[in-house]
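Chain by chain, the residues run as shown.
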Amino acid sequence: MSLPAVGLWISCVWLVIYAVKYSSRRPKSLLPFSHSRRPFTEVSVKNLNLRVKTEALNTLHNQLSTRLSSDASRSLKQILLWLYDLGSIISIIGMLAAFGLLLSTAVTLSLDVLQTHHVAQQGASVVTKRSLDHVEVTIPTAAPMHNAFTINPIIPGITVPLSHLPLILLALGISQIVHEAGHAITAALHRIPMLSSGVSITFILPSAFVILPSARLENLRPRDRMQVVAGGCFHNFAFLCLLLLVAWSGIGSVVASLLFRDVSAFGKVIVGINYDSPLIAHLPVGGLITTVDDVQMRSAVRATADNPWDDYLLSPTSVLSRGWCVDESLLGRVSTSECVAVGSQSCFISKEDADVQYSLYPVSIFTGSAARCSSLMECAPSASCVVPRSDQQLVRLTVAWGYEGSSAEDIVIWKGPKREIWEQVEVSNLHPHFSFISRKLPNVASYFFEYLKLANISLYLVNMFPISVLDGYRMLVALLELLFVRPSGNSESMDLEALHGLSRPSYDSRTQRACRAFLSTSTLVLVSLCGLLGVLRWTKS
């Protein structure tokens, strides 16, 4: 689905929501589900924000709080208190890690932008691709620097396929619920009632929330308050560890083996092609891609690559270990300055001498009976050994129609960047045992599992930024109070996802104020700097 189509669907959904809102008899709430005072549930819409708030879970929360406070649950409560003390420590470590990661990202982006600017001043070398319809595309040869310790945003349609958007939003919504469950459980441990809870959607981004009385929270000891504030991030960290344990255990492979057959020994199964891709007319869904250029897609011949499909199509270089023997009668030799790919023709060079160039039709060479060669000595006396010139961006896809290694094969030729194949064609190692099972199911499950992990580690780290709207700031306040002076409380209600509404304590030491101001301001500056540098790098790439 294209970006305009996604935008159209989102616009239609919000038009329907607002139409229902304004057609409702109640101007301040939308579709009230209950007229009773307890429990009360309401749905409200304001500024592209759909918010569902309910008191239906308050009773369950009160029952949990009462049970944990009973003598029969004293041991369980003590264990949970120790566990959430560990969660406070893990969250403090997360705060330090998040700040260090943010600093590393700012440094890396600064170096990338400076390097790009320096290369541009010297005149970066570029190659020009002429596609079959004579459209010229300039492709920079310089690649940006990469650092494992940097923040790389997930942006559907830019850094990940747009089709992954529903999976990302679902994973984010589940992770938010896991996060808020941490706040609710730790509040129950300390006998803090829950005023309400709910979920909301801002434009397309889902979120969850619990609302607690801030007076009760602020009157807790700093150590106990740290447990409540850090409970959300600790739950995300614990859930991430659970996901990693499931991945390590291999349970997914066992389940997949019951429904799918592993054909990675033969190649990659085509499970989907973008509807607007020119390859949709040439690649059969369900077919098997055995080679891309001269790189085998079979797992049996892998060396160090975990995924030859991704590794090759995303690499900047092409692999052509051998050329083709072409009869001299078919060769039209041209000089270097005259060889320009026009129409369906492409430039080839001699395997022996790169200065000897030819303008040839790649389809007749790649799909014909021309023998492969490593040098001129392997060809007939009346033939030459040629390979495509490196800037021609020709990619050969060998497609089999069966899974036993002896099926008929076709060759599909792509002219353009290899990455476009990776973006437009979805492949898998698994083929379903039953026809009613979707071929995309393993990939969808795998992507969703990865996005769950990314969402939880993101919520764990990002929420620990010491910014006033995030848990990290409240964590910093409680930590400084634990280390220095215990401030007085405050009597207003608080939404843990909108902690900026909390007023400042009536008494702070100068050291506390200085630490909070320095860390909060530094984090805001680094976040702004990373955003600005990221946009600059993207515009220059």
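In short, a report on the structure. Quick caveat, the model's predicted, so the values are computed rather than measured.

## Digging into helix 11 (residues 441-462)
Argument step 1. End to end, helix 11 covers 31 Å across 22 residues, agreeing with the expected 32 Å (1.5 Å per residue, within 8%).
Argument step 2. Every buried residue of helix 11 is listed here: Pro442, Asn443, Tyr451, Leu452, Lys453, Ala455, Asn456, Leu459, Tyr460 and Leu461.

## Remarks on the environment of Ala370
Argument step 1. Structurally, the position occupied by Ala370 is in the loop between helix 9 (362-367) and strand 15 (372-373).
Argument step 2. Note: C-alpha distance between Ala370 and Cys325 (45 residues apart in sequence) is 5.7 Å.
Argument step 3. With sequence-adjacent residues up to four places away left out, Ala370 is seen in contact with Trp324, Cys325 and Ile365.

## Here we look at the pairing of strand 19 (residues 425-428)
Argument step 1. Along strand 19, one buried face is formed by Val425 and Val427 and the opposite face, lined by Glu426 and Ser428, is buried too.
Argument step 2. By the bridge criterion, four bridges tie strand 8 (residues 268-273) to strand 19 in an arrangement that is antiparallel. Bridged to Val269 within strand 19 is Ser428.

## Quick notes on the environment of Leu331
Argument step 1. Tracing the chain through its elements places Leu331 in the loop between strand 11 (323-327) and strand 12 (333-334).
Argument step 2. The exposure class assigned to Leu331 is buried, which follows from its relative accessible area of 13%.
Argument step 3. Ignoring any residue separated from it by four or fewer positions in sequence, one finds Leu331 in contact with Val326, Tyr358, Leu360 and Ser384.

## Topic: the state of the cysteines
Argument step 1. For the structure on display, the rule yields two disulfides.
Argument step 2. Here Cys373 is linked by a disulfide to Cys385, with a sulfur-sulfur distance of 2.0 Å. Between Cys373 and Cys385 the disulfide shows an S-S torsion of about 100°. By sign, it is right-handed. Here Cys385 lies in strand 16 (residues 383-388) and Cys373 lies in strand 15, a separation of 12 residues in the sequence.
Argument step 3. Using a relative accessible area of 1% as the deciding quantity, one classes Cys385 as buried.

Calculation rules
Residues numbered from 1 in each chain as written. Predicted model: local features only at pLDDT ≥ 70, side-chain atom pairs only at ≥ 80, totals over all residues. Heavy atoms only, no water. Helix = DSSP H or I, 4+ residues; strand = E, 2+ residues; numbered from the N terminus. Expected span 1.5 Å × (residues − 1). Buried < 20%, exposed > 50% of the residue type's maximum accessible area, 1.4 Å probe, protein only. Contact = heavy atoms within 4.5 Å. Pairing = 2+ DSSP bridges. Disulfide = S-S within 2.5 Å.

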